[in-house]
Amino acid sequence: MKLLCTAAQLPDNGSRGFDINGRKVLIVRRAGRVYAYLNRCPHRGVPLEWQPDQFLDPSASLIQCATHGALFLIEDGECVAGPCAGQFLAALDSREDEQGIWVEL
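Residues numbered from 1 in each chain as written. Predicted model: local features only at pLDDT ≥ 70, side-chain atom pairs only at ≥ 80, totals over all residues. Heavy atoms only, no water.

Further remarks concern the overall build of the chain. Of regular secondary structure, the chain possesses zero helices and ten strands. Listing every helix and strand of the chain by position from the N terminus yields β-β-β-β-β-β-β-β-β-β. Rg of the C-alpha trace for the chain: 13 Å, near the compact-globule value of 13 Å for 105 residues, within the 12% margin. With respect to the three principal axes, the spread of C-alpha positions in the chain is 40 × 30 × 25 Å. A fraction of 41% describes how many contacts in the chain between residues 6 or more apart in sequence connect residues 24 or more apart. Placing the 10 positive and 13 negative side-chain charges of the chain at their respective mean positions leaves the two points 5 Å apart. (Helix = DSSP H or I, 4+ residues; strand = E, 2+ residues; numbered from the N terminus. Rg over C-alpha atoms; globule rule 2.2 N^0.38 Å. Contact = heavy atoms within 4.5 Å. Lys, Arg positive; Asp, Glu negative; His and termini not counted. Charge placed at Lys NZ, Arg CZ, Asp CG, Glu CD.)

What follows is the structure, given as structure tokens:
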């Protein structure tokens, strides 16, 4: 597993992006839980963020693709609106401990 950041570096309703050996990853914290996905829209294969570390819609309740506006549930990565409706972001195994947030690639 790869250490991404400390717990304090990902606030609740926050998101962060990372490039790990050429693989783009995003993490989101919601209700105290961390979710990790490949940073890749299932529709066009492009990165999702609007700007660095900005993956969420204005309400911070959904992940949003900057290219097409597709909306994804934070909890499971399902696209609920947009050209890839019904498809999913590729989820990654992650865990959080006293050192920080870890992800398995």
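That was the structure; now back to the text.
With that out of the way, let us pick up the UniProt feature "domain: Rieske" (unreviewed entry) in the chain. According to UniProt, the "domain: Rieske" (unreviewed entry) feature falls on residues 2-103. End-to-end, the C-alpha atoms of residues 2-103 are 5 Å apart, and along that stretch the chain is 0% helix and 41% strand. (UniProt positions renumbered as here; feature names shortened; annotations may be inferred.)

All right, on to the sheet that holds strand 10 (residues 101-103) then. Strand pairing within a sheet occurs via backbone hydrogen bonds; the two strands may be parallel or antiparallel. Read across the open sheet, the three strands follow the order 1-10-9; overall the sheet is antiparallel. Unpaired on one side and paired on the other, strand 1 (2-5) and strand 9 (94-96) mark the two borders of the sheet. Taking each pair of neighbouring strands and ignoring which way they run, the sheet shows an average axis angle of 30°. Sheet analysis places strand 9 next to strand 10, joined by three bridges and oriented antiparallel. Within strand 10, the residue paired with Arg-95 across the bridge is Trp-102. (Pairing = 2+ DSSP bridges. Axes fitted to C-alpha atoms, helices over the stretch in contact; angles between N-to-C directions.)

In this section: the environment of Pro-83. In this structure, Pro-83 sits in the loop between strand 7 (79-81) and strand 8 (91-92). Under the relative-accessibility criterion, Pro-83 is labelled partly exposed at 46%. Counting along the chain gives 15 residues from Pro-83 to His-68, while the straight-line C-alpha distance between them is 7.5 Å. Apart from residues no more than four positions distant in its own chain, Pro-83 is found in contact with His-43, His-68 and Ala-70. (Buried < 20%, exposed > 50% of the residue type's maximum accessible area, 1.4 Å probe, protein only.)

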